[in-house]
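Observations on the model geometry
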Amino acid sequence: MKPIRLLPLLAIAAVFATAARAADKELNLYAWSEYIPQTVLDGFTKETGIKVNYETFSSGEEMLAKLLAGGTRYDLIQPPDYVAEALIKNKLLVPLDYKKLPNFKNLLPEFTKMPHDPAQKFTVPYMAGTVGIVVNTEKIKEPVAGYKDLFSARYKDRIVVLDDGRELVVGAFYTQGIGLNDITPATLEKARPILTAWFKNIKLFDSDSPKTALLNGDVDLGLVWSGEAAILWNENKKFHYVLPSEGVHMFVDVLAIPKGSRNQSAAHAFLDYLLRPDVSALISEEFPYTNPNGEARKLLTPEQLANPASYPKTDRKLDTFRHLGTSGALIDELFTDLKNTK
Amino acid sequence: MQALPSTSLTDSPHALRPRVWGWVLLAPMLAWLVLFVLVPMAILLVYSFCTRDDLGRVVFEFTFENYQRVFDPIYLRILGRSIGYAALTTGICLLMGYPVAWFIARQRENVRNWLLLLVMIPFWTSFLIRTYAWMTILKGNGLLSGLLLSAGVIPAPLEILYTPAAAIIGLVYAYLPFMILPIYGSAEKLDNALVEAAHDLGAGPVRAFSEVIVPLTWPGIAAGILLVFVPAIGMFAITDLMGGARVPMIGNVIHNQFIKAGNQPFGAALGIIFTLMFVVAYTLAQRRGRSSHP
Amino acid sequence: MIEIQGVTKRFGEFTAVNDVSLHIKAGEFITLLGPSGCGKTTLLRMLSGFETPDAGLIRIAGEDVTRLAPYRRNVNQVFQSYALFPHMTVRENIGFGLRMQKVAAAESARRIDEVVALVALQGFEDRKPGQLSGGQRQRVALARAIVPRPSVLLLDEPLSALDAKLRGQMQLELKRLQKHLGITFVFVTHDQEEALTMSDRIAVFNHGRLEQLGTTTEIYHQPRTAFVADFIGETNLLPADLIDLTGATARVRLEGGLELNVNAAQWPAGLRRASISIRPEKVHVSKQRVACENVFEARVAVELFQGVLDRLVLEFTGGTRLTAVVANESALLEAIHEGDRVWCGLHADDLVVVRTE
């Protein structure tokens, strides 16, 4: 009798054991959509046998909300710098084990110890970029240097901008000499009349693929991510990328291990894999943002390095976003209201 | 005489069985409703009275603030616009869909089935792909503009994509089948002799339509209006893609609270008010419908 | 009242109505009779305006209505399915035509009350058609069609959905109503008994053609074609060859060799072959020899007891068979049974010569 009764227990135990082993061989990755090439993910699985479950989001806030909701136990996340800062402040990240990251040394020093992670304990930069202006020089002959030129009334209905309230508010702040992280009801009220005028000229809001409308010729100017501008430049050299004269926002998307990760060793393995020069160069090929990996840059072609959107030649100081807290809602309300009265 | 009166059936011991079976058959649907409608609604209701911390996490601290904000003129105007777009979409769908549905219903059976298939073919492709296809048609150097330009109908490329008109085109396209199918269902059941009787008694085409055809196909019309209007109010993907995201819809606002503004309690409050409005409007419409057709 | 001249209607390859001409008199009750597919309903639909003739002319009260829309004709129809508006009450259904004619409310109410009384529907005015019995719906349909006072009322098999008993009552009511109103009734049916009961005149149709137009007695007693003779009532149709035509009598030979004397006036001029129609009740059967123009000996091959009547199949020398119907009066009279030898008499006046197609 006894052995028979034991049998189901054994079966259950076996199932658990298999599940545990399967978890060892899986990595739950939560990252931006259209940001990590499939070939890179496949290469990692081929080398290590670890399967990567790639879940995507399309804004840092979306990522934050879903991470905090706690549905899936993510092993590795890809927040933008200011979201990473908030996570660090709230002690929601796991410190990195640099012994497992021999390739960390490949990073350029200016991309380490950044304001969001000054002690360089929690995050590894993935890609960086700027927000700037794309000009179709076939259609626009006058020089466009900054926000004021971009939103001039003569370009009414020929402009695409990011569907992102914070980027536009920051543009208005720059023209008024307000610090880009100084978001209060008072500063927002100062930005309101400027944005009201700008909004009248905007044809289209699109964060996901602003390059499409430019390529189709539906608009001739855009306020876009530098990676989008780099792709446009690769398509056609008539698309020039301009860093706004009033001020430039630079963003860094980082990788970090959230608390609750069940497979930290796989997360480290994947991080180190991404930091390998050959892998990092592969990413640059598909998503031509600014690569923070010095050794990887050496593998890029002169043409890639000459792309003015990926590697702008400037010695100006680039600003970064800081975590806003609840004042993010103020921007959303202003943004909604502006669109509403447009 | 020998047959038992039907009421005695429920008193017999056997009556329990059909009742139990009824519940068993209903169980999957009830479970679905509880899990995916009632429970989420309850969660939204609780959230809507809460506050949040600086990471956007819900903090269980009672407040009415979210509801106060719902009635801010900004959001009321957006709601008004959403209703306007949805009403316009519904109106156009009705005007376009009714003749189509009527025409299909009057065909021979095999022709009818083919035409219905044509109405439903768009559902075979993903909704997003179809929306992008429309963008390709409507864009400045796109299909429609090119055709009209080469035909000499218009002097300059068409500037229709990323305008409210494009959004309405997209909405009408997406929801037209939902208007056609229920009206077809009613029209197909309508006995042609009734239309002939109306004509015979002196009703011209207009009066036969308004006095006989419309009242008799009203269930289909009402269902079509509901099936188009309700989802059109909350729709934001089409207005974003084809309308250029220039004017926010109530769907955008709610969506943004969760994924951009990090303000789930406010999003929840908007969702609750929105749902309440539907329930009230639907109940009123039902009651009116019942009193006019006892 | 109604003139139909050379009207033809085709549906694709099928000719539903083929060159029909018909004159309908004011105030008469005329029935279009024939089997299904004979064209009677199509002709009716051309009178109401739901179909347009491919050729020919239709005039109602002197006006050419060939191409006039149904809602412009002073003609109303009672539909086979009644076609009552389910969303309207009895009163609203009946008042629909008046409303379309923009008759004043008071006048309209008076006329509706009047017609409701006429069809005995008092107390049912506020019901919906779904709450009425078949017979009541029929009356509503009738009331709705007569209240606008049409010059012609068209009835498309209006009684076919009723059970036999109710149908009998409605036949009488319809006839009474028609007399009372004095409106021309054009009635379509495939039921010859119904046609005979109600009509002043009957137009018999077959394959889209008008076979015969006549009063009920003409149609019954003097059918002109084998089809009419066969379709109306029951008859014995006997193909016959002319063998002698002198004086007032024509002598013909049936297929079995039997020879008959018929009235020479009946024989269609120039024809050698025709059919003799004789109704079963006109076949005289007796155990005694009867005095008659045509007397034969026969054997009762089959006897069918049918209550009031006794149906006999007689067989003559040469194999010719005839059906006879005799009154089953009483057992006192000489009873005739299967296998009996009998005498059979056929009066020349009862023998109707009809054309064979």
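Residues numbered from 1 in each chain as written. Chains lettered and ligands numbered in written order. Predicted model: local features only at pLDDT ≥ 70, side-chain atom pairs only at ≥ 80, totals over all residues. Heavy atoms only, no water.

Attention shifts here to the domain arrangement of chain A. Residues and elements named next belong to chain A. Partitioning chain A into domains gives domain 1 (2-127 + 252-305) and domain 2 (129-250 + 311-340). The centre of domain 1, based on its C-alpha atoms, is set 30 Å off from the matching centre of domain 2. On the side of domain 2, 18 residues touch domain 1, which itself brings 18 residues to the contact. When the two sides are added together, the surface that domain 1 and domain 2 hide from each other amounts to roughly 1500 Å², 58% of it contributed by carbon and sulfur. Taken together, the connections running from domain 1 to domain 2 amount to 1 salt bridge. (Domains from an automatic or database assignment. Contact = heavy atoms within 4.5 Å. Buried area = accessible area lost by both parts, 1.4 Å probe. Salt bridge = Lys/Arg side-chain N within 4 Å of Asp/Glu carboxyl O.)

So, on to the packing of helix 2 (residues 90-100) of chain C against helix 4 (residues 134-146) of chain C. Residue and element names in this part refer to chain C. Direction vectors running N to C along helix 2 and helix 4 enclose 30 degrees, while the axes themselves pass 7 Å from each other. Taken as axis vectors, helix 2 and helix 4 run roughly parallel relative to one another. Remark: the crossing between helix 2 and helix 4 carries right-handed chirality. Side by side, helix 2 and helix 4 meet where Val90, Asn93 and Ile94 of the first sit next to Val140, Ala143 and Arg144 of the second. (Axes fitted to C-alpha atoms, helices over the stretch in contact; angles between N-to-C directions. Helix = DSSP H or I, 4+ residues; strand = E, 2+ residues; numbered from the N terminus. Parallel < 35°, antiparallel > 145°, perpendicular 65-115°, else oblique. Left-handed = near helix turned anticlockwise from the far one by under 90°.)

What follows concerns the nonpolar core. With 91 residues, the main nonpolar core has Ile77, Leu87, Phe151, Leu168, Leu195, Phe270 and Leu274 of chain A as its most contacted residues. A total of 7 residues in this core trace back to one element, the largest contributor, which is helix 10 (residues 264-275) of chain A. In this structure, this core is formed jointly by two domains, domain 1 (2-127 + 252-305) and domain 2 (129-250 + 311-340) of chain A, each of which donates at least three residues. Those residues within four positions of leucine 87 of chain A in sequence are excluded, and the remaining contacts are Met63, Leu64, Leu67, Ile77, Pro79, Leu92 and Leu93 of chain A. Within the second largest apolar cluster, 85 residues are counted, among which are Tyr241 of chain A, Ala187 and Ala198 of chain B together with Met100 of chain C. (Core = buried A, V, L, I, M, F, W, Y, C linked by side-chain atoms within 4.5 Å. Buried < 20%, exposed > 50% of the residue type's maximum accessible area, 1.4 Å probe, protein only.)

This brings us to the interface of chain C and chain B. If you look at the interface, chain C gives 24 residues, while chain B gives 19 residues. Counting the surface lost from both chain C and chain B, the interface buries some 1800 Å², and carbon and sulfur atoms represent 63% of this. Sorting the residues of chain C by area buried against chain B places Tyr71, His87 and Met100 of chain C first, and these three jointly supply 33% of that buried surface. Ionic pairing is found between arginine 45 of chain C and glutamate 196 of chain B, a salt bridge with its closest N-O pair at 2.6 Å. At the boundary of chain C and chain B, one finds 6 residue pairs in polar contact (both at pLDDT 80 or more). Among the elements that take part in the side of chain C that touches chain B, helix 2 of chain C stands out by supplying 4 residues, more than any other. (Polar contact = N/O pair within 3.5 Å; in protein donor to acceptor, adjacent residues only side chain to side chain.)

A few words now on empty space enclosed by the protein. This structure, assessed with the given rule, holds 6 cavities of 30 Å³ or more. Volume-wise, the largest cavity comes out at about 80 Å³. Together, 13 residues line the largest cavity, and Pro125, Tyr126, Leu274, Leu275 and Ser280 of chain A are the ones closest to its centre. Here the residues of the lining of the largest cavity sort into 10 nonpolar, 3 polar and no charged. By volume, the second largest cavity is sized at about 70 Å³. Forming the walls of the second largest cavity are Val70, Tyr75, Leu76, Leu79, Ile250, Leu270, Ile273, Phe274 and Met277 of chain B. Secondary structure elements with two or more residues in the lining of the second largest cavity: helix 4 (73-105) and helix 13 (264-292) of chain B. (1 Å grid on protein atoms, 1.4 Å probe; cavity = no way out; pocket = protein on both sides within 12 Å on 5 of 7 lines; lining within 4 Å. Points joined across faces, edges and corners; volume = space filled by probe spheres on them. Nonpolar A, V, L, I, M, F, W, Y, C, P; charged D, E, K, R; others polar.)

Moving on to the environment of leucine 158 of chain B. All names here are of chain B. Note that leucine 158 resides in the loop between helix 7 (143-150) and helix 8 (164-189). Between the C-alpha atom of leucine 158 and that of arginine 52, which follows or precedes it by 106 residues, the distance is 46 Å. In contact with leucine 158, other than residues within four places in its own chain, are Gly140, Leu144, Ser145 and Leu148.

Listed by partner, the interface residues are 32 residues for chain B and 30 residues for chain A. Sorting the residues of chain B by area buried against chain A places Leu55, Tyr162 and Arg246 of chain B first, and these three jointly supply 24% of that buried surface. The interface formed by chain B and chain A holds 4 salt bridges in total. The residue glutamate 333 of chain A makes a salt bridge to arginine 69 of chain B at a minimum N-O spacing of 2.9 Å. The interface formed by chain B and chain A holds 17 residue pairs in polar contact (both at pLDDT 80 or more) in total. Classifying every residue of the side of chain B that touches chain A gives 13 nonpolar, 7 polar and 12 charged.

Another aspect to go through is the sheet that holds strand 5 (residues 63-64) of chain C. All names here are of chain C. Sheet architecture is open: 4 strands sit in the order 2-1-4-5, paired in antiparallel fashion. Looking along the sheet, the strands with just one partner apiece sit at the ends: strand 2 (14-24) and strand 5. Running at roughly 115 degrees to strand 1 (residues 2-11), helix 1 (residues 40-48) makes contact with strand 1, strand 2 and strand 4 (55-60) of the sheet. (Pairing = 2+ DSSP bridges.)

Before going further, it helps to spend a moment on the side chain of arginine 279 of chain C. Residue and element names in this part refer to chain C. Position of arginine 279 relative to the elements: it lies in the loop between strand 14 (273-278) and strand 15 (284-286). The buried charged residue arginine 279 lacks any salt bridge partner; its closest oppositely charged side chain belongs to glutamate 281, at an N-O distance of 5.3 Å. From its side chain, arginine 279 meets the backbone oxygen of isoleucine 232 in a polar contact 2.6 Å long. Not counting residues within four places of it along the chain, the set of residues in contact with arginine 279 comprises Ile219, Tyr220, Pro223, Ala229, Ile232, Gly233, Glu234, Thr235 and Asn236. (Lys, Arg positive; Asp, Glu negative; His and termini not counted.)

Residue and element names in this part refer to chain A. Remark: helix 2 (residues 38-48) packs on helix 10, axes separated minimally by 11 Å, with the N-to-C direction vectors making an angle of 125 degrees. Relative to helix 10, the element helix 2 lies oblique. Crossing geometry of helix 2 relative to helix 10 is assigned as right-handed. Contacts between helix 2 and helix 10 involve Thr39, Val40, Leu41, Gly43, Phe44 and Glu47 from the former and Ala266, Ala269, Phe270, Tyr273 and Leu274 from the latter. Class assignment of the residues belonging to the contact of helix 2 with helix 10 gives a composition of 8 nonpolar, 2 polar and 1 charged.

This part covers helix 6 (residues 165-176) of chain A. Residue and element names in this part refer to chain A. Relative to the 16 Å expected for 12 residues at 1.5 Å per residue, helix 6 spans 17 Å between its end C-alpha atoms, a close match to the ideal helical length. Among the 12 residues in helix 6, 11 count as buried, and that is most of the element. Within helix 6 the residues assigned to the buried category are Gly165, Arg166, Glu167, Leu168, Val169, Val170, Gly171, Ala172, Phe173, Tyr174 and Thr175. At the N-terminal boundary of helix 6, the capping side chain belongs to aspartate 164, with an oxygen 3.0 Å from the backbone nitrogen of arginine 166. Where helix 6 terminates, the next one or two residues include glycine 177, which has phi positive at roughly 70 degrees. (Expected span 1.5 Å × (residues − 1).)

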